[in-house]
Amino acid sequence: MSSVNTAPKSYLSAGQGLRSWIFTLDHKRIGLLYLMAMSTFFLSGMTLGFLMRLELIAPGPTIVSAQTYNSFFTLHGVIMIFLFVIPGLPAVFGNFMLPLMIGAKDVFFPRLNLLSWWLFITGACLAFASLLTGSGPPDTGWTFYAPYSLRTGTNVSLAVFGAFVLGFSSILTGLNFVTTIHRMRAPGMTWFRMPLFPWALYATGWVQVLATPILGITLLLVILERWLGLGLFNPEMGGDPILYQHLFWIYSHPAVYIMILPAMGAITEIIPVYARKTIFGYKAIAFSSVAIALLGYLVWAHHMFTSGMSDTARMIFSLLTFLVAIPSAIKVFNWVGTLYKGSIQIGTPFLYAMAFIFLFSVGGLTGLMQGALSINLRVHGTYFIVGHFHYVMFGGTAFAFFGSLHYWFPKMFGRMYNAKVANMAWAILFIGLNTLYFPMFILGWEGMPRRYYDYLPEFQTGNVISTVGSWILISGVLLMLGNLLMALLKGRHAEPNPWGGTTLEWTVSSPPPLENFEVTPVVTGGPYAYGRGDKQDD
Amino acid sequence: MFGRSYTPIGMSDVIFLGFLVICLVLLVGITVTMVYFIIRYSRKRHPQAEQIPGNIPLEIIWTVLPTVLVLGMFYYGWVGFKTLRQVPGDALQISVTGRMWTWTFEYPNGLKANTLKVPVKKAVNLNLTSADVLHSFFVPAFRIKEDAVPGMKTYLWFQAEREGTYDVFCSEYCGTGHSGMLSKIEVVSQDVFDQWYAGETAKPVKAPDGAALVVSAGCTGCHSLDGSRIVGPSLKGIFGEKTHVLTDGVERDIVVDEDYIRRSLLEPGKDVVEGYPAIMPAQTQLSAEEIDAIIDYLKTLK
């Protein structure tokens, strides 16, 4: 007798062919589209990073010219920041998991969601086109500081226009998520019964909606200034280059929180599952996300402590910068508190979460040091800063991204990966990251400026160690990706809930059906109800 | 905490070290607690988790303590910063101009140089500006930097406590020659400085020297004198030679003559030698005599 399969078709088998993907309205497929695009971008950015480190293995010209090196670090920054770190977690895991976690069928605006992806791809194509057309790839650094960006002969306008288009993708995604969270939570899911990853996405969404337009306008002004000579930023025409820096950082500092808030949210999901314990301080973590989003608007000028801005402004922004550290610290304490009296099983996502706490702390604490004005005068513009933000961006956001990938992989693809290899890749990544970025703190403390094609011989030891670290790190990335690709092809089928999670995405099959829930779930308690009969605080 | 015995540099170091210790204590504290919990509450040792949704007093403690700590850190950072910004009244005033990719120092008596010579134990105030894009004047040994902004005056000051030579870097990205935009601060005794200062000033105004100019104007940062390729074409033996240039995107052959060199210095974007980026900044600071001297020098550079 042939058994009748009553389970609904998974979203992966719901349609075939390219068109069923690139014109899909399914939030899960759109999440995967982002994942595929971003993996490509991440690998290109990583290749540029590898070449930069190779150039810096010895002082003087090594493999490329100064002009080429300057384009390398510009593109490395543009690709990694605009195409991977900023959109990363919200676009991939936010898209895929947000509706599942709040018990919804899709996001509120599915068509807008598809448009966001197309804008993302268009922006990325424009950025890549700036490499191959015109008078050479941009050489301004990802910050496009005026007046250099106004006078360089390279292809700045096209790259800047690419970033402008990417901004719209970000705004629309943020708008979509904020609306989804307001309108589409399952019956019974009050705000304080909502898991903390959606909380983080909610805070992030507002930052995306409110801050990104400023970047859009600023970049448009750069283009107009280059074409028409408006004279806003160009001192030769009475413009003010420091105005450009203010406008740029009014977006780009909140953007740092667009990068890190969802990462914190993902870590908050992973820890309770592996500790079999409800999250410690649910409300403290939720409100910290909102506090970071709010305070994050008020600290932009700490990127400008040596710019020539007035000393009073420097004092005020230093004070505000120190305040934004507090909600981050609260989160770290609550994560560690969640481990207390838990029943901890170590799995790959948990290892990434623990590494995140350590690496993010290194990045955050060195950030605290830079917030102090007297220290900033010394370390600003040096490798100390490069070390700091790579600990936050790679050790923080990218580690959270990799952790999320290992955490939700069975749900997204319905396959299990080899945990031993995954753990090995994690260890190699962790060692590689520290070998690559830790020497930068010492180099910066000794005075090596950043964006240097060539350096004095006394800086060589640190640079060699760092370059070797880049090789270790890249081996880790390749092993991790290889392991996941193997799992896609040959991994055994995943249970609906392989890790024992309590949030709603684990109640549906792996991979989830096209419309997520056959019956709309009704929520009666908080999201992390472990232990029998324990009442969740809500 | 800070007696009078601290120099601004010493104070900057004390703050740095103090903050480093605070941050290390926090980092080690967090990490050790985390690792201890992972081991102590592993599923083997602790099969049943205890559900603890939170603890309000604990939340208050770890909100208030970090707040007090960071406010303290802010305060000491500000105190150290003030000493690095308050220029003593008797400071030696020097004007500094950053330009792609050299620094020019101008003393009160009009003396100009590409490296800075100052007396030991004497406050020196540098009045910074830029002739083209953003630069940043950075002296690691004195723990200070400040951007040189076109169209704007900024400043920084220092006082060297020991004689010696100290590196100056540009720490704001400024294009192809950024990492080569180096200079030195030579700190000498007051006597040596006075002698040098008087001697350099007393020298009769001499005709500009082309060989010295190609170095001091920064030409050699990108153009070698020995035929090797750096950023731009080498200057060796170019005078009177044919070269292939792009004029408004159109290729043509020209002969390097006096006119061409003058045009290349003042309007470098006009005729760009093929195969090189059009990035050379215009050298409008050079006088007509100085340009003539450079042309005469290039004629001899075979």
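Residues numbered from 1 in each chain as written. Chains lettered and ligands numbered in written order. Predicted model: local features only at pLDDT ≥ 70, side-chain atom pairs only at ≥ 80, totals over all residues. Heavy atoms only, no water.

1. Re the overall build of chain A
Along its length, chain A carries 16 helices and zero strands. The C-alpha radius of gyration of chain A comes to 23 Å, within 12% of the 24 Å expected for a compact globule of 538 residues. Projected onto its principal axes, the C-alpha coordinates of chain A cover approximately 80 × 50 × 45 Å. Evaluated residue by residue, chain A yields a buried proportion of 66% over its 538 residues. Considering only contacts in chain A between residues 6 or more positions apart, those separated by 24 or more positions represent 82%. Only carbon and sulfur atoms are counted for the fraction: they give 69% of the accessible area of chain A, which is about 17700 Å². (Helix = DSSP H or I, 4+ residues; strand = E, 2+ residues; numbered from the N terminus. Rg over C-alpha atoms; globule rule 2.2 N^0.38 Å. Buried < 20%, exposed > 50% of the residue type's maximum accessible area, 1.4 Å probe, protein only. Contact = heavy atoms within 4.5 Å. Areas by Shrake-Rupley, 256 points an atom, 1.4 Å probe, with all protein chains shown as cover.)

2. What to know about the packing of aromatic side chains
If you walk through the whole model with that rule in mind, you get 78 aromatic pairs over all chains. Both rings, one in Phe192(A) and one in Trp199(A), keep their centres 5.9 Å apart while their planes meet at 25 degrees; by these two values the pair is stacked. Using a relative accessible area of 25% as the deciding quantity, one classes Phe192(A) as partly exposed. Sitting above the plane of the Trp191(A) ring, Arg185(A) keeps its charged end 4.3 Å from the centroid. The residue whose ring lies beneath Arg378(A) is Phe16(B), and the NZ or CZ to ring-centre distance is 5.2 Å. (Phe/Tyr/Trp six-rings, centres within 6.5 Å; stacked < 30°, edge-to-face > 60°. Lys NZ or Arg CZ within 6 Å of the ring centre and 35° of its normal.)

3. Remarks on the pairing of strand β2 (residues 102-106) of chain B
All names here are of chain B. With four of five residues buried, β2 is to be regarded as a mostly interior element. Looking at chain direction, strand β1 (residues 92-99) and β2 are connected through five bridges and run antiparallel. Bridging from a neighbouring strand, Val96 pairs with Phe105 of β2. Turn length for the β1-β2 hairpin, with the two strands adjacent in sequence and antiparallel, is two residues. Here β2 runs beside strand β3 (residues 112-113); their pairing, made up of two bridges, is antiparallel. Each residue of the ladder has a partner; that of Phe105, found in β3, is Ala113. (Pairing = 2+ DSSP bridges.)

4. Observations concerning helix α8 (residues 196-228) of chain A
Residues and elements named next belong to chain A. With 33 residues, α8 extends 47 Å between its outermost C-alpha atoms, agreeing within 8% with the 48 Å of an ideal straight helix rising 1.5 Å per residue. The largest bend in α8 comes to about 30 degrees, at Ala211, with the proline Pro213 one to four residues further on. One or two positions beyond α8, positive phi appears at Gly229, with a value near 65 degrees. (Expected span 1.5 Å × (residues − 1). Bend = angle between axes of the 7 residues up to and from the residue.)

5. Topic: the interface of chain A and chain B
Each partner contributes residues to the interface: chain A has 89 residues there, and chain B has 75 residues. Summed over both partners, the interface of chain A with chain B buries about 7100 Å², with 69% contributed by carbon and sulfur atoms. When the buried surface of chain A facing chain B is broken down by residue, Lys341(A), Leu377(A) and Arg378(A) rank first, second and third, together holding 10% of it. One can count four salt bridges joining chain A with chain B. For Glu146(B), the salt bridge identified is with Arg314(A), shortest N-O distance 2.8 Å. (Buried area = accessible area lost by both parts, 1.4 Å probe. Salt bridge = Lys/Arg side-chain N within 4 Å of Asp/Glu carboxyl O.)

6. Structural notes on the sheet that holds β1(B)
What links the strands of a sheet is backbone hydrogen bonding, and the strands pair in either a parallel or an antiparallel sense. Residues and elements named next belong to chain B. In spatial order, the strands read β3-β2-β1-β5-β8; together these five strands make up an open sheet with mixed pairing. Strand pairing shows two members of the sheet lacking a second neighbour, β3 and β8 (154-159), which therefore form its edges. Pairing of β1 with strand β5 (residues 123-130), which is carried by seven bridges, proceeds in the parallel orientation. Among the inter-strand pairings, Leu92 is bridged to a residue of β5, identified as Val124.

7. Here's the deal with unusual backbone geometry
The step from Ser510(A) to Pro511(A) runs through a cis peptide bond, and the omega angle for that step is -10 degrees. With respect to the element layout, Pro511(A) can be found in the segment after α16 (460-490). Backbone geometry at Asn516(A) places phi at a positive 70 degrees, although glycine is not the residue there. Mapped onto the secondary structure, Asn516(A) falls in the segment after α16. A positive phi angle is found at Lys121(B), which is not glycine, with a value near 55 degrees. Position of Lys121(B) relative to the elements: it lies in the loop between β4 (116-119) and β5.

8. Topic: the sheet that holds strand β12 (residues 250-255) of chain B
Residues and elements named next belong to chain B. Taken in spatial order, the three strands of this open sheet run β12-β11-β13, and their pairing is antiparallel. The outermost strands of the open sheet, each flanked by one partner alone, are β12 and β13 (271-273). On average, each strand axis in the sheet is inclined to that of its neighbour by 45 degrees, with strand direction left out of account. Across six bridges, strand β11 (residues 242-247) lies against β12 in antiparallel orientation. Within β12, the position partnered with Lys242 by the bridge is Val255. (Axes fitted to C-alpha atoms, helices over the stretch in contact; angles between N-to-C directions.)

9. A few points about the pattern of salt bridges
Between side chains of opposite charge, a pair can form as their charged atoms come close. Tallied over the entire structure, the rule returns 18 salt bridges over all chains. With a shortest N-O distance of 3.3 Å, Arg85(B) and Glu146(B) are connected by a salt bridge. A residue pair is termed long-range when its members are at least 10 positions apart, and Arg85(B) in helix α2 (residues 56-85) and Glu146(B) in strand β7 (residues 144-148) qualify at 61 residues. Grouping residues by exposure puts Arg85(B) and Glu146(B) together as buried. We note a salt bridge from Arg252(B) to Asp271(B), for which the minimum N-O separation is 2.9 Å. A residue pair is termed long-range when its members are at least 10 positions apart, and Arg252(B) in strand β12 and Asp271(B) in strand β13 qualify at 19 residues. Look at Asp271(B) and you get buried, because its relative accessible area is 5%. Linked through salt bridges whose partners overlap, the residues forming this network are Asp311(A), Arg314(A), Arg85(B) and Glu146(B).

10. Considerations on the confidence of the model for chain A
Across chain A, pLDDT averages 92, with 97% of residues at or above 70. The low-confidence segment residues 533-538 of chain A, where pLDDT is below 50, has ten contacts with residues more than four positions distant or belonging to other chains. (pLDDT = per-residue confidence, 0-100.)

11. Examining the nonpolar core
Residues Phe137(B) and Ile185(B) are the most contacted members of the largest nonpolar core, which totals 256 residues. The element that contributes the greatest number of residues to this core is helix α9 (residues 241-275) of chain A, accounting for 20 residues. Those residues in contact with Ile185(B) that sit more than four places away from it in its chain are Leu116(B), Val118(B), Phe137(B), Val139(B), Phe142(B), Phe158(B), Gly164(B), Thr165(B), Tyr166(B) and Val168(B). In terms of nonpolar packing, the next biggest core, distinct from the first, is built from 22 residues, Leu235(B), Phe239(B), Ile254(B) and Leu265(B) among them. (Core = buried A, V, L, I, M, F, W, Y, C linked by side-chain atoms within 4.5 Å.)

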